[in-house]
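# What the coordinates show
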Amino acid sequence: MLKIFHASGSRSLRVIWMAEEMELDYELSLEAIGRSSPEFIAVNPARGPHLAGEAFTAADISVVYALNMGGALGLADDYPAPIADYWARVKTRPAYQAAIAK
């Protein structure tokens, strides 16, 4: 069965919504933003330079878009160092540079 880790007010709502649209059975594990449970940490694949570990995926593109929005709103100075480093690193990718040059 699909297990969805969800924090109220977070983007995980999209995953729940998609599961509902697809009429999937799922188990919901409630989390608190900024206080991840040991179970969530154990299954979280982010153990590399990208969100899916070593692989750069569409998830990175989605998150960088959100980080860019935060930057446009003047929130980037509040990003924790690991998030700011990730954001800076991903923006150096040649495809990102090519996309923003269009």
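So, here's what we can say about the structure. (Residues numbered from 1 in each chain as written. Predicted model: local features only at pLDDT ≥ 70, side-chain atom pairs only at ≥ 80, totals over all residues. Heavy atoms only, no water.)

Here we come to the overall build of the chain. On a plain count of helices and strands, the chain comes out with five helices and two strands. N-terminal to C-terminal, the α/β element order of the chain is β-α-β-α-α-α-α. Seen through its C-alpha atoms, the chain measures out along the principal axes to roughly 45 × 30 × 30 Å. Taken over 102 residues, the chain has a buried fraction of 20%. Nonlocal contacts in the chain, meaning residues at least 24 apart in sequence, comprise 40% of its contacts between residues at least 6 apart. Side-chain charges in the chain split into 9 positive and 12 negative, and the spacing between the mean points of these groups amounts to 9 Å. (Helix = DSSP H or I, 4+ residues; strand = E, 2+ residues; numbered from the N terminus. Buried < 20%, exposed > 50% of the residue type's maximum accessible area, 1.4 Å probe, protein only. Contact = heavy atoms within 4.5 Å. Lys, Arg positive; Asp, Glu negative; His and termini not counted. Charge placed at Lys NZ, Arg CZ, Asp CG, Glu CD.)

Moving on, we come to the packing of helix 3 (residues 58-72) against helix 4 (residues 81-90). It is at 10 Å that the axes of helix 3 and helix 4 come closest, and there the two elements cross at 110°. Our classification of the angle between helix 3 and helix 4 gives roughly perpendicular. Each of Asp-60, Val-63, Val-64, Leu-67, Asn-68 and Gly-71 in helix 3 lies in contact with helix 4, whose residues at this interface are Ile-83, Tyr-86, Trp-87 and Val-90. Counted by class, the contact of helix 3 with helix 4 contains seven nonpolar, two polar and one charged residues. (Axes fitted to C-alpha atoms, helices over the stretch in contact; angles between N-to-C directions. Parallel < 35°, antiparallel > 145°, perpendicular 65-115°, else oblique. Nonpolar A, V, L, I, M, F, W, Y, C, P; charged D, E, K, R; others polar.)

The next point concerns the packing of aromatic side chains. Tallied over the entire structure, the rule returns two aromatic pairs. Ring centres of Phe-5 and Phe-40 lie 5.4 Å apart, and the angle between their planes is 70°; on these two criteria the pair is classed as edge-to-face. Highlighted residues: Phe-5 in strand 1 (residues 2-7) and Phe-40 in helix 2 (residues 38-43), separated in sequence by 35 residues. With relative accessibility at 24%, the residue Phe-40 sits in the partly exposed group. Ring centres 5.4 Å apart and planes at 75° place the aromatic pair Tyr-79 and Trp-87 in the edge-to-face group. Grouping residues by exposure puts Tyr-79 and Trp-87 together as buried. The ring of Phe-56 carries the charged tip of Arg-93 above its face, separated from the ring centre by 3.7 Å. (Phe/Tyr/Trp six-rings, centres within 6.5 Å; stacked < 30°, edge-to-face > 60°. Lys NZ or Arg CZ within 6 Å of the ring centre and 35° of its normal.)

Looking now at the pairing of strand 1. A regular strand places its side chains so that they alternate between the two faces of the sheet. Both strand 1 and strand 2 (residues 26-31) contribute to a ladder of six bridges, which runs parallel. Residue His-6 lies in a different strand from strand 2, and its bridge partner there is Leu-30. Between the parallel pair strand 1 and strand 2, the chain is carried across by helix 1 (residues 12-21), and the sense of this crossover is right-handed. (Pairing = 2+ DSSP bridges. Right-handed = clockwise from strand over helix to strand, strands pointing away.)

Following the sequence through the fold, Asp-60 ends up in helix 3. In this structure Asp-60 is buried but unpaired, with Arg-89 as the nearest side chain of opposite charge at 7.0 Å. (Salt bridge = Lys/Arg side-chain N within 4 Å of Asp/Glu carboxyl O.)

By themselves, these figures tell us nothing about what the structure is for.
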